[in-house]
Amino acid sequence: QVQLVESGGGLVQAGGSLRLSCAASGSIFTINDIGWYRQAPGKQRELVATVTRGSSTNYADSVKGRFTISRDNAKNTGYLQMNSLKPEDTAVYYCNAKVIRWGGLFAGDYWGQGTQVTVSS
């Protein structure tokens, strides 16, 4: 089994910063892509950013220049540094990882439990 545990969410004023972490544990051979998604009340879950094992990144237009995704492959951990936060960034943020387990052939899709980020104006 594989578990993803997010941390680092909270309440921050507009213009502030937060750093989210996503720690993966369990029967992990390797992790391919790591992604961060978010879901605001009444809205669909949307992609925020992804990072490949080789550290190539992709961002939603709404966060480009403000958010930075990164990873530490030795620790099986992903990060999302969020700067210049806006009230519209308020959402539950979810970590996603494409994980190949020991003895597995294909990557499985795993999700964290979510962490609340609230940005006050």
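See the structure shown above.
Being a predicted model, the structure only gives us computed values, none of them experimental.

A.B. asks: So what about unusual backbone geometry? Which residues, and what values?
C.D. replies: For S55, which is not glycine, the phi torsion reads 75 degrees and is therefore positive. Positive phi, close to 50 degrees, is recorded for N76, a residue that is not glycine.

A.B. asks: Could you give an account of the environment of T77, naming the residues involved and the relevant values?
C.D. replies: Checked against the element boundaries, T77 lands in strand β8 (residues 77–82). For the pair T77 and G16, spaced 61 residues apart in sequence, the C-alpha separation works out to 23 Å.

A.B. asks: An account of the pattern of salt bridges is needed here, citing residue identities and associated values.
C.D. replies: On inspection of all chains with the given rule, the structure shows five salt bridges. D89 serves as the salt-bridge partner of R38, at 2.9 Å between the closest nitrogen and oxygen. Highlighted residues: R38 in strand β4 (residues 28–39) and D89 in the loop between β8 and β9 (91–101), separated in sequence by 51 residues. Accessibility assignment for this pair places R38 and D89 in one class, buried. Here K98 and D109 are joined by a salt bridge, their closest N and O atoms 2.7 Å apart. One end of the pair, K98, is in strand β9; the other, D109, is in strand β10 (residues 108–111), with 11 residues separating them in the sequence. Using a relative accessible area of 27% as the deciding quantity, one classes K98 as partly exposed. In this structure D109 comes out as partly exposed when scored by relative accessible area, which is 45%. Overlapping salt bridges bring together R38, E46, R66 and D89 as one network.

A.B. asks: Help me get a handle on the side chain of T115, residues and values and all.
C.D. replies: Tracing the backbone through its elements, the reader meets T115 in strand β11 (residues 115–120). Here G9 takes part through its backbone nitrogen, which lies 3.4 Å from a polar atom of the side chain of T115. Once you skip the residues sitting within four places of it in the chain, T115 turns out to touch E6, G9, L20, A91, V92 and Y93.

So, how was this worked out
- Here the residue numbering is sequential within each chain, running from 1 through the sequence in written order.
- Predicted model: local features are reported for residues with pLDDT of at least 70 only, side-chain atom pairs are reported and counted for 80 or more only, and whole-chain, interface and lining totals are derived from all residues.
- Only hydrogens and water are removed before side-chain values are computed, so all heavy atoms of the structure are retained for them.
- Segments assigned H or I by DSSP are reported as helices when at least four residues long, segments assigned E as strands when at least two residues long, and all are numbered from the N terminus.
- Each salt bridge in this description consists of a side-chain nitrogen of Lys or Arg and a carboxyl oxygen of Asp or Glu lying within 4 Å of one another.
- Burial status follows relative accessibility: with a 1.4 Å probe on protein chains alone, a residue under 20% of its type maximum counts as buried, one over 50% as exposed, and anything between as partly exposed.
- Any N or O atom pair separated by 3.5 Å or less is treated as a polar contact, with the protein-specific requirement of one donor-capable and one acceptor-capable atom, and with residues adjacent in sequence counted only for side-chain atom pairs.
- Contact criterion: two residues are considered in contact whenever any of their non-hydrogen atoms come within 4.5 Å of each other.

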